[in-house]
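If you want the building blocks of each chain, they are given just below.
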Amino acid sequence: MVKFFVKIVVQVFFWKPRNWRKGFKAKLESRLYSIAIRRRAKSCGRGLLVLGPGVNVTSSTTIGDGAGFGKRVKIFGDGPVSIGRRAVLAEDTVVYTQVHDYDHSDVLPFGWGFTYPETSIGDYAWLGIKCIVLPGARIGEGAIVQAGSVVMGVVPPCAIVAGNPAKVIGWRDVEHYNKLKVAAGETPVMPPAGESKVPSSKLEAGSSKSGAESSKLRDDRLADIFCGVFSVLPEEAVAMKYKEHPAWDSAGQMALVAAIEREYGRSLSPGEIYRLRSYAQAPSSTLTATGRP
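Small disclaimer: the values here were computed from a predicted structure and weren't measured.

Trainee: Quick question: what am I supposed to make of the pattern of salt bridges here?
Mentor: Pairing is possible between side chains of opposite charge, provided their charged atoms come close. Inspection of the entire model under this criterion finds 8 salt bridges. The partner of Arg85 in a salt bridge is Glu186, and the shortest N-O contact between them spans 3.1 Å. Within this pair, whereas Arg85 is found in the loop between β6 (81-83) and β7 (88-89), its partner Glu186 is found in the loop between α3 (174-183) and α4 (200-204), the two being separated by 101 residues in sequence. Glu118 is the partner of Arg138 in a salt bridge, and the nearest nitrogen-oxygen pair spans 3.9 Å.

Trainee: Is there a simple way to explain the environment of Thr61 in this structure?
Mentor: If you trace the backbone, Thr61 turns up in strand β3 (residues 61-63). The spacing of Thr61 and Phe76 is 15 residues in sequence and 9.9 Å in space, taken between C-alpha atoms. Apart from residues lying up to four places away in sequence, Thr61 is in contact with Ala41, Lys42, Ser43, Ile75, Val81 and Ile83. Of the polar contacts made by the side chain of Thr61, one reaches the side chain of Thr58; its length is 3.0 Å.

Trainee: Whenever I open this one, the sheet that holds strand β4 (residues 68-69) confuses me. Can you help?
Mentor: Whenever strands of a sheet pair, they do so through backbone hydrogen bonds, lying parallel or antiparallel. Reading across from one edge, β2-β4-β7-β12-β15-β18-β19 is the order of the 7 strands in this open sheet, with mixed pairing throughout. If you trace the sheet from one side to the other, it starts and ends with β2 (49-50) and β19 (167-171), each paired once. The sheet contact formed by strand β12 (residues 126-127) and strand β15 (residues 144-145) spans 2 bridges and is parallel. Looking at β15, one finds that Trp126 is bridged to Ile144.

About the cut-offs
Residues numbered from 1 in each chain as written. Predicted model: local features only at pLDDT ≥ 70, side-chain atom pairs only at ≥ 80, totals over all residues. Heavy atoms only, no water. Salt bridge = Lys/Arg side-chain N within 4 Å of Asp/Glu carboxyl O. Helix = DSSP H or I, 4+ residues; strand = E, 2+ residues; numbered from the N terminus. Contact = heavy atoms within 4.5 Å. Polar contact = N/O pair within 3.5 Å; in protein donor to acceptor, adjacent residues only side chain to side chain. Pairing = 2+ DSSP bridges.

Below, the structure is given as C-alpha cells:
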C-alpha cells in the first residue's frame, strides 16, 4: 500500500530526472514506514531509515539516531532492547528479547513464565541479512555480524563474528574506525585489551626519522597544511575551531589528517586526531613522532 501511494505521488506531482525520482521515492517510503515504528517503540531518535515493509518493534525497544532497518526486521518479546546510533539491521534479521523460565516452571518442558534479559546492539554495529539475536546478547560498538549468524553472549567492540553460535573471526581496522569517529566529533572506541588488530606498520611508520624533525611537528609546517587544506590565511588558521569554519566538517578534517600524514610520512593516532579540534589544540608539542597519543 505504501509503495503504491508513493508511486502515485511521484508520477503525478514530480516530473524530475529518473535518478532524482528514485531517490525521492526511497526517502518518502522510509518516512511513511517510520511512522509506525515511532509509534510502537519506547523511544526513537532522529533520522530513522526503514528500507521496506514488515518491520516490527516492541514498546520496550529504544532506537538511536540514524538507525537503519531492512525489510522484515522483527523484534519479538517484552524484554528491553536498545539499538544504538546508526546501527544497521539487514533484512530478515530477528531479535528475541524474552525466554521461557524453564528453571522455575511447574511443568515440562517449560511453563508460561518468562525472563527478560536486556539485549543491546551498539552504535554503528552492522548485522547482515537473516541474523538471529538471542535474549541477553550484547553486540559491541562497531561490531560486524556476518549474514545468517546466531548471536548470543557478548560481542566485543569492532569484532567481526560469524557462525552458530557466532564467534570472532576477525577485527575491523580500529585505527581507521576511530579516525572516522573523531572526525565526526566523537571519542574513539576502546576495544578489549590485546584484541585490537591494528597493523603495527601504521603505528610505526616514519619512526626511522631522527633529530629534531622526528621529535615533534613544527608549528610552521602545520600552519602551512591548515592554510592549504582549508584555503585560509595564517591568522585565520590560528583562530579556526572544529565545525566553526564552513569547510571543517568530517570530510574536511579527514582531508586535514591525510595532508598531515603525507607531510610527515606516518599515520596519526586517534588520540592525535582528536586533539585536532582546533589549531590551538594541535601545537607541535602535542603530536609525537611515534604515532601514539
